[in-house]
2 protein chains.
Amino acid sequence: MDAARAWSRRENLALLTDLYELTMVAGYVREGRQDKRVCFEYFFRTMPSGAGFVIVAGLESFLSYLENLQFTDDDITYLRSLGLFQDDFFDYLRTFRPACTVRAMREGTPAFPSEPIVQVEGGLFECQLVETALLNLMNYETLIATKASRIAYAAENDPVMEFGLRRAQGPDGGVSGARAAYIGGCSATSNALAGKLYGIPVAGTHAHSWVMSFESELEAFRAFANLYPKSPTLLVDTYDTLESGVPNAITVFEEMRNQGKEVRPAIRLDSGDLARLSKEAHRMMAEAGFDDPLIVASNELEEDLIADLKRQGARVNAWGVGTHLITARDTPSLSGVYKLVSVRESGEWVPRMKTTSNIGKATDPCRKQAVRYVDAEGHPLGDVLYDFVERPAESGDIIGYNRTQLRAHTRIRDAHDAHHLLETVVEDGRRVSEPQPVEAIRSHAQAAKAAFREEYRRLRNPEIYKVMLSERVGGVKGDLLANPEQW
Amino acid sequence: MDAARAWSRRENLALLTDLYELTMVAGYVREGRQDKRVCFEYFFRTMPSGAGFVIVAGLESFLSYLENLQFTDDDITYLRSLGLFQDDFFDYLRTFRPACTVRAMREGTPAFPSEPIVQVEGGLFECQLVETALLNLMNYETLIATKASRIAYAAENDPVMEFGLRRAQGPDGGVSGARAAYIGGCSATSNALAGKLYGIPVAGTHAHSWVMSFESELEAFRAFANLYPKSPTLLVDTYDTLESGVPNAITVFEEMRNQGKEVRPAIRLDSGDLARLSKEAHRMMAEAGFDDPLIVASNELEEDLIADLKRQGARVNAWGVGTHLITARDTPSLSGVYKLVSVRESGEWVPRMKTTSNIGKATDPCRKQAVRYVDAEGHPLGDVLYDFVERPAESGDIIGYNRTQLRAHTRIRDAHDAHHLLETVVEDGRRVSEPQPVEAIRSHAQAAKAAFREEYRRLRNPEIYKVMLSERVGGVKGDLLANPEQW
């Protein structure tokens, strides 16, 4: 149980990897190629269901993993027990510390398929070793930030609270999911630990069991309002929403008013027809003289259902979203991958690509910078992926290649400005960027999304955003496809 | 960042909870009801897509959370900063340690909707407090064990390897998912950390990047086979599976044979038409004199696709399953809930139930034992939920109530034996059961599943297993439904 205890304390995550990464890096050590300089890129292939863009998240988790990456004696003892590896590998592991360079998009940045989101450049050993952990951390947080962004969009200007902890994949599914949801646009989380760790606002009311633990619903409401007079949001559906819950809640709000307390009546609906119940409850509260009640809805919500309730005129003005957010129900994984894009040979970076019988899955070669061109109002027009050796145009008409139809030239017209999306965050193993508070990341995401024209943001069938290859990257890709022996 | 560091070391998970649990328990302290004796049960309402039963998992994680449950000064400082709570609550938290009793089904046990899987009996404070963490831990592991069980069933007797870490919800999504997958029937995991922590067999081959880091595929294969002569599983689809990958692999296996090495040729297919490619690859290897190759298939597999490949006669004899297993793609959450079932009043247990406008969601009252009746061959016939005060019949014809049609008597005929499924694992806060090695849990699951007749185990439209209420539980439920003021 000692190993379990060390893990529960998270002393390190060095073994948080697929075995095959270790198999490969042991091979590199054996062949003396562990320091061969290479560059890998993290990108994703297809959009999660319905999304016009993803919201990048998870970088901070990856950088923290990287900072703590080293193999303990305990790890080495375990690996030795597998009978797969030789001593040269264990000797190497004992003193290994990462010395790679990492460039990445800021968390909160909208990103598109095939764009480099994180780039790791360094020795073959370290670049390969970190693959699984990077994918694990970036894929999940990016997925949830994206889902949250869509849900917040559907809720228009209403606050959305993330309530998913009980259906998340374990503790850090819940904690990192709450962080990602906040970055994506949620206003608060129910998760107290995420609140403590990241300073995310926490929110919550009470459960049915509170009501059931009292002799009557009215007593339960009265006790709750006495305890939390500032924000008594009463859950009104334990027995019967309109016959019992709402009338009892109104009684309690009236009592508070009669005692001279300032009160904004608030209820939560967690079952039934949320459109009808919210309208009825609103009417009943208005009749009692409460004009501006807070009506929170929860229960298996996600973006389409919220949009639908909005269309039906539901009188809901805050949303609690749990299960379907934290699991990204309709597309519960992001297809993020991590691929070799260039190898340093005799002092030169030589582009590499991977293809299979499925040419559509051919990767884009070269160490790449993603440049986002915007118009005079700051609206993004399209992105171009450049080789680092190129000097991207800053404005004007930008010509590039379509990613899959390399013969098709395509262009961005009248660009006014260019934003380089990848920044260096780790240089030769040393962190060179300050960790951002989650609040700042969320603001960045809000502003970056708002800059996109509406057609890229809508819930269904968003406009496809233009991502092109530069002339050089397109040319290299074409050459490699035409000459498979150079892959 | 100190809080983040403490979390990364997992010193405790006391704040791993929805805020509303804290809001409620603070209320119980304020009202002096924190020690009122109550009983909650964890159960789920609906089967994950297609499943005939779930495989219970996650209990060990919950018990470990419970053992370490206490509030640090740091936690209390954070809670104080919210401005929601009073000093009496913080005083209580400072010395709080759980003293509850926990009864639970063994991990690996097949379970059905509405059956108590975990029962927590103790003070109102502690029973309420643990809700979110219990749901978080049990829902996810049970979901993944169930999905793994279905995938292993589809693979018939072939080994299934869990490859999901890169698409899991963060580190413990991956680690606890690997554990659950093994319990459910997988044979190995790619996750080295899960291997180290739980002793699960680890497996893996190499990635496309291994091949791409060499001048040629043949060199890459040769190097890999030299390094790992015992188990060189070669990934053959980096360039072209049948034109390049399989011929190169055969060349390497022939070289090994010529050197007098004993070799079982093994390849992995990770793209394309797995049925056709596996048949062709098998034929090519057989022509080269390798009669019994290991052909591993991976790439977006899950139970239906594996069953389909089997029907097509694919020559695959081992399966690598990642994304869709670790996310339980078709039903990415288990609808597990935790409800108050009984309250101790003046020395008597008084049953409670929760209902809403949706009567179908009415819970089953009483502190319950689940009894599984089996026939003379040990095949389960049906389960009956008894109140603890009852003495379940041990054999013969068992009469009970349908859960939702309480007027309908139903019966189990000719029961030969009765297994009581809930065991006491924690008594007054003290662990009384030994933690089971994951190997033993997996064996228990295999044997318990095998006892069920085929119609309950099949992939699609399994027979609905009988779960009845005892006469007493059914009677209490009927009375409560008829007299809502007693709910």
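Source: prediction; values computed, not measured.

J.: Would you mind going over the overall build of chain A with me for this structure?
T.: On a plain count of helices and strands, chain A comes out with 18 helices and 21 strands. Classification of the 487 residues of chain A by burial places 64% in the buried group. Look at the contacts in chain A between residues 6 or more apart in sequence, and 73% of them connect residues 24 or more apart. Accessible surface computed for chain A: about 17,500 Å², of which carbon and sulfur atoms make up 45%. Of the side chains in chain A, 56 bear a positive and 69 a negative charge, and the two mean positions are spaced by 2 Å.

J.: Got a minute to help me understand the sheet that holds strand S6 (residues 160-162) of chain A in this structure?
T.: Each strand in a sheet pairs with its neighbour through backbone hydrogen bonds, running either in the same direction (parallel) or in the opposite one (antiparallel). Residue and element names in this part refer to chain A. With parallel pairing, six strands are arranged side by side in an open sheet as S7-S6-S11-S10-S9-S8. Sheet topology places strand S7 (188-189) and strand S8 (233-235) at the edges, where each strand pairs with a single neighbour. In the sheet, S6 pairs with S7 via two bridges, with the strands oriented parallel. Note on S7: the bridge partner recorded for Glu-162 is Thr-189.

J.: For this particular structure, what's the right way to read the packing of aromatic side chains?
T.: Two aromatic rings are characterised by how far apart their centres lie and by the angle between their planes. Counted under the stated rule, the structure contains 44 aromatic pairs over all chains. On the numbers, 6.4 Å between centres and 90° between planes, the contact of A:Phe85 with B:Tyr228 is edge-to-face. Taken together, the positions of A:Phe85 in the loop between helix H4 (73-81) and helix H5 (87-95) and B:Tyr228 in the loop between helix H11 (217-227) and strand S8 (233-235) put the pair across two chains. Their ring planes at 80° and their centres at 5.4 Å tell us that B:Tyr456 and B:Tyr465 sit as a pair that is edge-to-face. Both residues of the pair, B:Tyr456 and B:Tyr465, belong to the buried class. Counting every residue linked through ring pairs, the aromatic cluster contains A:Tyr28, A:Phe85, A:Phe89, A:Phe90, B:Trp210, B:Phe214, B:Phe224 and B:Tyr228. One Lys or Arg, A:Arg179, reaches over the ring of A:Tyr198 and ends 5.6 Å from the middle of that ring.

J.: Would you explain the relation of the copies chain A and chain B in this entry?
T.: Copy one and copy two of the chain differ by a rotation about a common axis and a shift along it. Rotating chain A by 180° and moving it 0.0 Å along the rotation axis overlays it on chain B with an RMSD of 0.0 Å. Such values leave the two copies arranged in the relation of a two-fold axis. Here 100% of the contact residues of chain A are again contact residues in chain B; the copies associate through an equivalent surface.

J.: Please clarify how the pairing of strand S10 (residues 294-297) of chain B should be interpreted in this entry.
T.: One face of the sheet, then the other: side chains in a regular strand alternate in exactly this way. Residue and element names in this part refer to chain B. Of the pairings in the sheet, the one linking strand S9 (residues 266-269) to S10 comprises four bridges and is parallel in character. Opposite Arg-268, over in S10, you have Val-296 as the bridge partner. Relative to strand S11 (residues 318-321), S10 runs parallel, the two being bridged by two bridges. Its bridge partner being in S11, Val-296 is matched across the sheet by Ala-318.

J.: Looking at this model, I keep getting lost on unusual backbone geometry. Mind explaining?
T.: Leaving glycine aside, a negative phi is the common case for residues, and trans is the common case for peptide bonds. Even without glycine at this site, A:Asp414 takes up a positive phi of about 60°. Structurally, A:Asp414 is set in strand S17 (residues 409-415). Given the relative accessible area of 59%, A:Asp414 is considered exposed. You will see that B:Ser346, though not glycine, has its phi angle at about 45°, which is positive. Topologically, B:Ser346 is positioned in the loop between strand S12 (336-345) and strand S13 (348-351).

J.: Even after reading the chapter, I still don't get the pattern of salt bridges, so can you show me in this structure?
T.: Close approach of charged atoms lets side chains of opposite charge pair. Counting across every chain of the model gives 76 salt bridges over all chains. The partner of A:Arg166 in a salt bridge is B:Asp18, with the nearest N and O atoms 3.0 Å apart. Here A:Arg166 is found in the loop between S6 and helix H8 (170-184), whereas its partner B:Asp18 is found in the loop between helix H1 (2-8) and helix H2 (19-30) on a different chain. The salt bridge partner of B:Lys477 is B:Asp364, with a shortest N-O separation of 2.6 Å. In this pair, B:Lys477 sits in helix H18 (residues 471-482) while B:Asp364 sits in the loop between S13 and strand S14 (368-374), placing the two residues 113 residues apart along the sequence. By relative accessible area, B:Lys477 is classed as buried at 3%.

J.: I'm lost on the environment of A:Ala393 in this one. Help?
T.: Residue and element names in this part refer to chain A. Along the chain, the position of Ala-393 falls in the loop between strand S15 (380-387) and strand S16 (396-401). When its relative accessible area of 34% is taken as the criterion, Ala-393 is described as partly exposed. When residues no more than four places from it in sequence are discounted, the contact partners of Ala-393 are Tyr-373, Tyr-386, Ile-398 and Ala-418.

J.: Can you walk me through the side chain of B:Thr109 in this structure?
T.: All names here are of chain B. Topologically, Thr-109 is positioned in the loop between strand S3 (101-105) and strand S4 (110-111). Accessibility expressed as a relative area gives 6% for Thr-109, which makes it buried. A polar contact is formed between the side chain of Thr-109 and the backbone oxygen of Arg-106, at a distance of 2.7 Å. Within the structure, the side chain of Thr-109 is placed 3.0 Å from the side chain of His-444, a separation counted as a polar contact.

J.: What is the right way to read helix H2 (residues 19-30) of chain A from this model?
T.: Think of an α-helix as turning once every 3.6 residues; residues three or four places apart then point the same way. Residue and element names in this part refer to chain A. With 12 residues, H2 should cover 16 Å at 1.5 Å per step; its first-to-last C-alpha distance of 17 Å lies within 8% of that length. Within H2, 11 of the 12 residues are buried, leaving the element largely enclosed by the surrounding structure. Within the sequence span of H2, burial applies to Leu-19, Tyr-20, Glu-21, Leu-22, Thr-23, Met-24, Val-25, Ala-26, Gly-27, Tyr-28 and Val-29. Phi for Gly-32, located one or two positions after H2, is positive at around 70°.

J.: Where do I start with the sheet that holds strand S3 (residues 101-105) of chain A in this structure?
T.: Residue and element names in this part refer to chain A. The strand order across the open sheet formed by seven strands is S13-S12-S1-S5-S3-S19-S20, and the pairing between neighbours is antiparallel. Pairing within the sheet leaves two strands with one partner each, and these edge strands are strand S13 (348-351) and strand S20 (430-431). As judged from the four bridges shared by strand S12 (residues 336-345) and S13, these two strands associate in the antiparallel manner. Across the sheet, residue Val-343 finds its bridge partner in S13, namely Val-350.

J.: What should I look at first to understand the interface of chain A and chain B in this one?
T.: Interface size is commonly expressed as the accessible area that is lost once the parts come together. Opposite the 105 residues of chain A that make contact, chain B presents 105 residues. Counting the surface lost from both chain A and chain B, the interface buries some 9,200 Å², and carbon and sulfur atoms represent 58% of this. On the chain A side of the contact with chain B, A:Arg166, A:Gln169 and A:Lys196 bury the most area, a combined 10% of that side's loss. Where chain A meets chain B, there are 10 salt bridges. Counting across the chain A and chain B interface gives 45 residue pairs in polar contact (both at pLDDT 80 or more). Examining the composition of the side of chain A that touches chain B, we find that 10 residues originate from one element, H2(A), more than from any other. Split by residue class, the side of chain A that touches chain B holds 47 nonpolar, 34 polar and 24 charged.

J.: Whenever I open this one, the packing of helix H3 (residues 59-67) of chain B against helix H7 (residues 131-154) of chain B confuses me. Can you help?
T.: To characterise two packed helices, one gives the angle between the axes of the helices and the distance between these axes. Residue and element names in this part refer to chain B. Running from N to C, H3 and H7 cross one another at 160°; their axes reach a closest spacing of 8 Å. In terms of their interaxial angle, H3 and H7 are classed as roughly antiparallel. Seen from above, H3 lies across H7 with right-handed handedness. Counted together, Leu-59, Ser-61, Phe-62 and Tyr-65 of H3 and Ala-133, Leu-134, Leu-137, Met-138 and Glu-141 of H7 form the full contact between these two elements. Taken together, the residues of the contact of H3 with H7 break down into seven nonpolar, one polar and one charged.

J.: Explanation requested: the packing of H11(B) against helix H12 (residues 241-258) of chain B in the structure shown.
T.: All names here are of chain B. Where H11 meets H12, the axes come as close as 9 Å, and the angle between the chain directions of the two elements is 40°. As far as their axial angle goes, H12 and H11 are oblique. Handedness of the crossing formed by H11 with H12: right-handed. Of the residues in H12, those in contact with Glu-217, Leu-218, Phe-221, Arg-222 and Ala-225 of H11 are Ser-244, Gly-245, Asn-248, Ala-249, Thr-251, Val-252, Glu-255 and Met-256.

J.: Help me understand the nonpolar core, please; the structure alone is not making it clear to me.
T.: Among soluble globular proteins, nonpolar side chains are generally buried collectively. By size, the foremost hydrophobic cluster in this structure holds 304 residues, and its most contacted members are A:Phe89 and B:Phe89. Setting aside its immediate chain neighbours within four residues, A:Phe89 contacts A:Leu22, A:Val25, A:Ala26, A:Val29, A:Leu79 and A:Phe125.

J.: Quick question: what am I supposed to make of the state of the cysteines here?
T.: All names here are of chain B. Enumeration according to the criterion identifies zero disulfides over all chains in this entry. Distance from the sulfur of Cys-127, which forms no disulfide, to the nearest cysteine sulfur (Cys-100) is 5.9 Å. Summary of cysteine pairing: Cys-366 is not part of a disulfide, and the nearest cysteine sulfur, belonging to Cys-39, is at 10 Å. A residue is classified by how much of its surface remains accessible, and Cys-366, at 1% relative accessible area, is buried.

Calculation rules
- All residue numbers here refer to positions counted from 1 along the written sequence of the relevant chain.
- As a convention, the first chain written is A and the first ligand written is 1, with the rest following in written order.
- The predicted nature of this model means local features are confined to residues of pLDDT at least 70 and side-chain atom pairs, given and counted, to a pLDDT of 80 or more, with totals for whole chains, interfaces and linings taken over all residues.
- Side-chain measures here rest on the full set of heavy atoms in the structure, leaving out hydrogens and waters.
- Elements are defined by DSSP. Helices are runs of H or I of four residues or more, strands are runs of E of two residues or more, and each kind is numbered from the N terminus.
- Per-residue accessibility, obtained with a 1.4 Å probe over protein chains only, is compared with the maximum for each type, and a residue is labelled buried under 20%, exposed over 50%, and partly exposed between these values.
- Should any heavy atoms of two residues lie within 4.5 Å, those residues are counted as being in contact.
- Surface accessibility in these figures is a Shrake-Rupley result with a 1.4 Å probe; residues are shielded only by whichever protein chains are displayed.
- Working convention for charge: Lys and Arg count positive, Asp and Glu count negative, and His plus the chain ends are omitted.
- Where a charge lies is defined by one atom per residue type: Lys uses NZ, Arg uses CZ, Asp uses CG and Glu uses CD.
- Pairing between strands is defined by DSSP: at least two bridges between the two strands are required.
- Pairing of aromatic rings covers Phe, Tyr and the six-membered ring of Trp, with a centre-to-centre limit of 6.5 Å; geometry is then stacked below 30 degrees between planes, edge-to-face above 60, and tilted otherwise.
- Put simply, a charge is over a ring when the Lys NZ or the Arg CZ is close to the ring centre, within 6 Å, and near the line of the ring normal, within 35 degrees.
- Alignment of copies: least-squares fit on C-alpha atoms of residues with pLDDT of at least 70 in both copies.
- Here, a salt bridge means any Lys or Arg side-chain nitrogen found within 4 Å of an Asp or Glu carboxyl oxygen.
- Each polar contact in these results corresponds to two N or O atoms within 3.5 Å; when the atoms are within protein, one needs to be able to donate a hydrogen and the other to accept it, and residues that are neighboring in sequence are counted only if both atoms are side-chain atoms.
- For a helix, the expected span equals 1.5 Å multiplied by the residue count minus one.
- Buried area is a sum: the accessible area each of two parts loses on coming together, probed at 1.4 Å, counted once for each and added.
- Gly is put with the polar residues, along with every residue not named as nonpolar or charged; the nonpolar set is Ala, Val, Leu, Ile, Met, Phe, Trp, Tyr, Cys and Pro, and the charged set is Asp, Glu, Lys and Arg.
- Helix axes are fitted to C-alpha atoms over the stretch in contact, other axes to C-alpha atoms as well, and angles between N-to-C directions run from 0 to 180 degrees.
- These descriptions rest on fixed angle ranges, namely under 35 degrees for roughly parallel, over 145 for roughly antiparallel, 65 to 115 for roughly perpendicular, and the rest for oblique.
- If you view the pair so one helix is near and one far, a crossing is left-handed when the near helix is turned anticlockwise from the far one by less than a right angle, and right-handed when it is turned clockwise.
- Grouping buried Ala, Val, Leu, Ile, Met, Phe, Trp, Tyr and Cys residues that are joined through side-chain atoms within 4.5 Å yields what is termed a nonpolar core.
- A pair of cysteine sulfur atoms is labelled a disulfide when the two atoms are within 2.5 Å.

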